[in-house]
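What follows is each chain in one-letter form.
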Amino acid sequence: MTGKRKYVTIHVMKSNLHFYLQKICHKTISTNYLGGRMTIGEIAVVRTGLVTVREKKKISSSQTCEYRVLNLKCIADEGYINKKHIEIDEYPVGLKDDYLTSMGDILVRLSAPYTAVLIDQQDLCGIVVPSHFAIIRVDSRYAVPEYIFWSLRRDKNRITMMQNSSGSTAFGTISSGLISSLPITLLSLHEQQIIGDLLRLSEREQELLNKLAEEKKVYSTLLLNQIYDNMKRGNIK
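In this report, the structure presented in the accompanying data block is examined. (Residues numbered from 1 in each chain as written. Predicted model: local features only at pLDDT ≥ 70, side-chain atom pairs only at ≥ 80, totals over all residues. Heavy atoms only, no water.)

**Quick word on the pairing of strand S8 (residues 183-186)**
Line of reasoning, step 1. Burial of S8 is one-sided: the residues Ile184 and Leu186 facing one way are buried, the residues Pro183 and Thr185 facing the other way are not.
Line of reasoning, step 2. The pairing of strand S1 (residues 36-39) with S8 spans 4 bridges and is classified as antiparallel. From the neighbouring strand, Arg37 faces S8, where its bridge partner is Thr185. (Buried < 20%, exposed > 50% of the residue type's maximum accessible area, 1.4 Å probe, protein only. Helix = DSSP H or I, 4+ residues; strand = E, 2+ residues; numbered from the N terminus. Pairing = 2+ DSSP bridges.)

And the structure:
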């Protein structure tokens, strides 16, 4: 996709976001709560990822197959999974689905900076989640995954995680139990979905801007190198 087409795409997304906000402003939204103030553990299953070292010990006595595996490098600070860093490794056949990513799962890094990511693409499903992460599997009867994801990224929850970490600020760790205990105001599913849809639009726009910036950086580097080479040969004065 060319830079011009990307600019057009981003402009259209901004227009869609503006239209959606106008639509919300002119619509009466219910203020009824499903359950008021609750904890994440009351509306989702929160567990720590797979202890891969323990699972590796079973290989000698079990059939194995290749799995895609997440690692800390996969988690970008902006809150998405960098697919280029996903590893391939062998584990016993039939790992529990509890430890494999599923659509709508939220993963939280258990070490600083405690980044949360949302599994919202089919090609990100079925990946092994190691014990560096907590896995949050939301109960769809009560909550929308995007809403929980947005809540986890709010400053007050990030501060709570930092304040309750063990170790130094830069290298601290938290437990999945802490995440389970984080409070959340449970809006109606309709209200949660509105926030989730707005978050998706915002995240998609930011992703396109980041990719465009990376491509422009590469282009600028090549252009400058070419101009420099021509100057050395005396082709440009």
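**Examining helix H7 (residues 189-232)**
Three or four residues apart is the spacing at which side chains of an α-helix point the same way, because the helix has 3.6 residues per turn.
Line of reasoning, step 1. The first and last C-alpha atoms of H7 sit 64 Å apart over 44 residues, in line with the 64 Å expected at 1.5 Å per residue.
Line of reasoning, step 2. Just downstream of H7, Gly234 is the residue with a positive phi angle, here 80°. (Expected span 1.5 Å × (residues − 1).)

**Quick look at the nonpolar core**
Line of reasoning, step 1. Counting 30 residues, the largest nonpolar core has Ile40, Ile106, Val108, Ile136, Ile148, Leu152 and Ile179 as its most contacted members.
Line of reasoning, step 2. Contributions of two or more residues to this core are made by helix H2 (40-43), strand S2 (44-48), strand S5 (106-109), strand S6 (116-118), strand S7 (133-138), helix H4 (145-152), helix H6 (176-181) and S8.
Line of reasoning, step 3. Here this core takes 4 residues from H4, the largest share from any one element.
Line of reasoning, step 4. Of all hydrophobic cores here, the second largest spans 14 residues; its members include Leu70, Leu107, Val117 and Ile127. (Core = buried A, V, L, I, M, F, W, Y, C linked by side-chain atoms within 4.5 Å.)

**So, the layout of surface pockets**
Which parts of space are left empty comes out when a probe the size of a water molecule is rolled across the atoms.
Line of reasoning, step 1. The calculated volume of the largest pocket comes to roughly 760 Å³.
Line of reasoning, step 2. If you trace the largest pocket, you find 25 residues lining it, with Tyr80, Ile81, Gln121, Glu207 and Lys211 closest to the centre.
Line of reasoning, step 3. For the lining of the largest pocket, the secondary structure elements donating two or more residues are S6, H4 and H7.
Line of reasoning, step 4. A per-element tally of the lining of the largest pocket places H7 first, with 10 residues.
Line of reasoning, step 5. Residue composition of the lining of the largest pocket, grouped by class: 7 nonpolar, 6 polar and 12 charged. (1 Å grid on protein atoms, 1.4 Å probe; cavity = no way out; pocket = protein on both sides within 12 Å on 5 of 7 lines; lining within 4 Å. Points joined across faces, edges and corners; volume = space filled by probe spheres on them. Nonpolar A, V, L, I, M, F, W, Y, C, P; charged D, E, K, R; others polar.)

**Describing the side chain of Thr101**
Line of reasoning, step 1. Here Thr101 lies in the loop between strand S4 (87-92) and S5.
Line of reasoning, step 2. A polar side-chain atom of Thr101 sits 2.6 Å from the main-chain carbonyl oxygen of Leu124.
Line of reasoning, step 3. Those residues in contact with Thr101 that lie beyond four places of it in its chain are Leu70, Leu107, Ile119, Leu124, Cys125, Gly126, Ile127 and Val129. (Polar contact = N/O pair within 3.5 Å; in protein donor to acceptor, adjacent residues only side chain to side chain. Contact = heavy atoms within 4.5 Å.)

**Some remarks on the sheet that holds S2**
Line of reasoning, step 1. Pairing is antiparallel in the open sheet, where 4 strands are placed in the order S2-S7-S5-S6. On the outer flanks of this sheet lie S2 and S6, each paired with one strand and no other. If you compare each strand with its neighbour and ignore which way they point, the axes differ by 20° on average.
Line of reasoning, step 2. Here 5 bridges tie S2 to S7, and the two strands are oriented antiparallel to one another. Paired with Val45 across the two strands is Arg137, which belongs to S7. (Axes fitted to C-alpha atoms, helices over the stretch in contact; angles between N-to-C directions.)

**Looking at the pattern of salt bridges**
Line of reasoning, step 1. Summed over the entire model, instances satisfying the criterion amount to 7 salt bridges.
Line of reasoning, step 2. Ionic pairing is found between Lys83 and Asp123, a salt bridge with its closest N-O pair at 2.7 Å. Here Lys83 is found in the loop between strand S3 (64-69) and S4, whereas its partner Asp123 is found in the loop between S6 and S7, with 40 residues between them in sequence.
Line of reasoning, step 3. By relative accessible area, which is 39% here, Lys83 ends up partly exposed.
Line of reasoning, step 4. The partner of Arg200 in a salt bridge is Asp120, with the nearest N and O atoms 3.9 Å apart. Taken together, the positions of Arg200 in helix H7 and Asp120 in the loop between S6 and S7 put the pair 80 residues apart, joining distant regions of the chain.
Line of reasoning, step 5. Exposure remark for Arg200: the relative accessible area of 38% places this residue in the partly exposed category.
Line of reasoning, step 6. Within this structure, Asp120, Glu146 and Arg200 form a network of salt bridges that share partners. (Salt bridge = Lys/Arg side-chain N within 4 Å of Asp/Glu carboxyl O.)

So yeah, pure geometry; function would need other evidence.
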